[in-house]
Amino acid sequence: MSDIAVEPTEIPAQLPNIRVAVLGAGKMGGILLQAFLKQNLFALDQIHATVGHMEKAVALSVQWGVDVSTDNLAAASQADLILIGVKPFQVPDLIAEIKPALTTEKTLVSFAASVKTRAIEEAAGLDIAVIRAMPNTPSALGAGAAGLCKGRFVSAKQMELAQRIFETVGRTVVVDEKHMDAVTGLSASGPAYIYIVIEALAEAGVKVGLPRDIATLLAAQTTMGAARVVLETGDHPALLKDAVTTPAGCTIDGIMELEEGKLRVTLIKAVVKAVQRAKELAFS
Ligand SMILES: NC(=O)c1ccc[n+]([C@@H]2O[C@H](COP(=O)([O-])OP(=O)(O)OC[C@H]3O[C@@H](n4cnc5c(N)ncnc54)[C@H](OP(=O)(O)O)[C@@H]3O)[C@@H](O)[C@H]2O)c1
């Protein structure tokens, strides 16, 4: 995985002079848009969003206090930065729809799983900057993880702007495009795996007599604490695990059960399968 060198930051904390369109403001697009609003990243009248259904557009417009419509072309025409948040199979039609509004001055940021930057560049039919991003749902709490990669016509400044945007909802990494499906299978799908782990730990707490709410709190807080230690110390998880594992203590007995139940290999296989599926998505 190779990081792309980015020039020192020139992007200001607020971006009131940049007009943004979020085309497909559903779960993920809505999370991003609400983070922009919360952080006052763009001026309200500089944000335009679209969804597929008119009644949803009206409701979201009232809820968010920004222009939400079903008119992708109008939204794209009024934007410098165009975020694409529809389902992967809808991306080609969406690009065809907004094509008259596209110029080489604009930046496209797609967070549709599996759709390659080159496919978007070719559909747009011009040398336009296309950045692909893969965020995840904990972005709703500012605790997201997003992988970003750049297409052929992206400047360092455009990449920096995209990073700035995704940093409003969590941490970002810049990777080569060949790694984007891996990011999808690991960190975009990952919250679902971790929820199952938390649910299972909570069930275990219930099995040994704890009330469910207390068991769930302990499981979730422990998961968050362990994740924070990994991120903040930078220590290898195996070393951190060893520090919890007293010789002949309780933890080693628990670990033996995890090894017998093949937790490690099961998680590895889960990510590998999700990555395989991510590779197919744009074509299904
Ligand atoms: N959910 C995640 O965890 C996650 C993570 C990373 C990336 N993504 C990517 O984000 C994209 C959206 O996923 P999602 O989970 O947010 O799905 P979603 O909630 O169904 O959002 C899709 C949005 O697109 C709108 N839409 C449908 N047709 C449209 C059209 N022709 N023009 C404009 N908007 C249209 C839908 O509006 P209506 O509801 O009115 O039909 C909806 O608001 C996908 O490409 C996915 O790969 C999702």
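Scroll up to find the structure this text is about.
The model shown is predicted, which means the values in this text are computed figures rather than measured ones.

Cut-offs and rules
- Residues numbered from 1 in each chain as written.
- Predicted model: local features only at pLDDT ≥ 70, side-chain atom pairs only at ≥ 80, totals over all residues.
- Heavy atoms only, no water.
- Near = heavy atom within 4 Å.
- Polar contact = N/O pair within 3.5 Å; in protein donor to acceptor, adjacent residues only side chain to side chain.
- Nonpolar A, V, L, I, M, F, W, Y, C, P; charged D, E, K, R; others polar.
- Helix = DSSP H or I, 4+ residues; strand = E, 2+ residues; numbered from the N terminus.
- Contact = heavy atoms within 4.5 Å.
- Phe/Tyr/Trp six-rings, centres within 6.5 Å; stacked < 30°, edge-to-face > 60°.
- Buried < 20%, exposed > 50% of the residue type's maximum accessible area, 1.4 Å probe, protein only.
- Axes fitted to C-alpha atoms, helices over the stretch in contact; angles between N-to-C directions.
- Parallel < 35°, antiparallel > 145°, perpendicular 65-115°, else oblique.
- Core = buried A, V, L, I, M, F, W, Y, C linked by side-chain atoms within 4.5 Å.

Draft legend 1. Inspection of the site of the ligand at higher detail. Within the structure, the ligand sits among 22 residues, and Lys27, Met28, His53, Lys56 and Val86 are positioned closest to it. Lys56 places a side-chain nitrogen or oxygen 2.7 Å from an oxygen atom of the ligand. Take Gln90: an N or O atom from its side chain is 3.1 Å from a nitrogen atom of the ligand. The residue inventory of the shell around the ligand, partitioned by class, reads 10 nonpolar, 9 polar and 3 charged.

Draft legend 2. Representation of the side chain of Ser69 within the structure. Topologically, Ser69 is positioned in strand β3 (residues 67-69). At 3.0 Å, the side chain of Ser69 forms a polar contact with the backbone nitrogen of Asp71. Excluding anything up to four places from it in sequence, Ser69 contacts Ala49, Thr50, Val51 and Ala57.

Draft legend 3. Broad picture of the packing of aromatic side chains. Here the structure, examined in full by the defined rule, presents 1 aromatic pair. Residues Phe36 and Phe42 carry aromatic rings whose centres are separated by 5.2 Å and whose planes lie at 80 degrees to one another, so their mutual orientation is edge-to-face. Here Phe36 falls in the buried class, since its relative accessible area comes to 0%. Under the relative-accessibility criterion, Phe42 is labelled buried at 2%.

Draft legend 4. Representation of the packing of helix α7 (residues 180-188) against helix α8 (residues 190-207) in the model. Between α7 and α8, the least distance of the axes is 5 Å, while the angle of their chain directions is 25 degrees. Taken together, α7 and α8 sit at an angle that is classed as roughly parallel. Within the contact between the two elements, α7 uses Gly185, Leu186, Ser187 and Ala188 and α8 uses Gly190, Pro191 and Tyr193. Of the residues contributing to the contact of α7 with α8, the split by class is 4 nonpolar, 3 polar and no charged.

Draft legend 5. View of unusual backbone geometry. The phi dihedral of Ser114 is positive, around 80 degrees, even though this residue is not glycine. Considering the arrangement of structural elements, one finds Ser114 in the loop between β5 (107-110) and α5 (117-124). For Ala248, which is not glycine, the phi dihedral falls at a positive 60 degrees. By the element assignment, Ala248 lies in the loop between α10 (237-244) and α11 (251-260). Residue Ala248 is classed as exposed on the basis of its relative accessible area of 81%.

Draft legend 6. Layout of the nonpolar core. Counting residues in hydrophobic clusters, the biggest one holds 37 residues, and the most contacted among them are Phe42 and Leu83. Looking at this core, the elements with two or more residues in it are β1 (20-23), α1 (27-38), β2 (47-50), α2 (54-64), β4 (81-84), β6 (129-134), β7 (144-150) and α6 (156-167). Counting residues per element, this core draws most heavily on α1, which supplies 6 residues. Ala75, Ile98, Ala112 and Val115 belong to the second largest nonpolar core, which has 21 residues in total.

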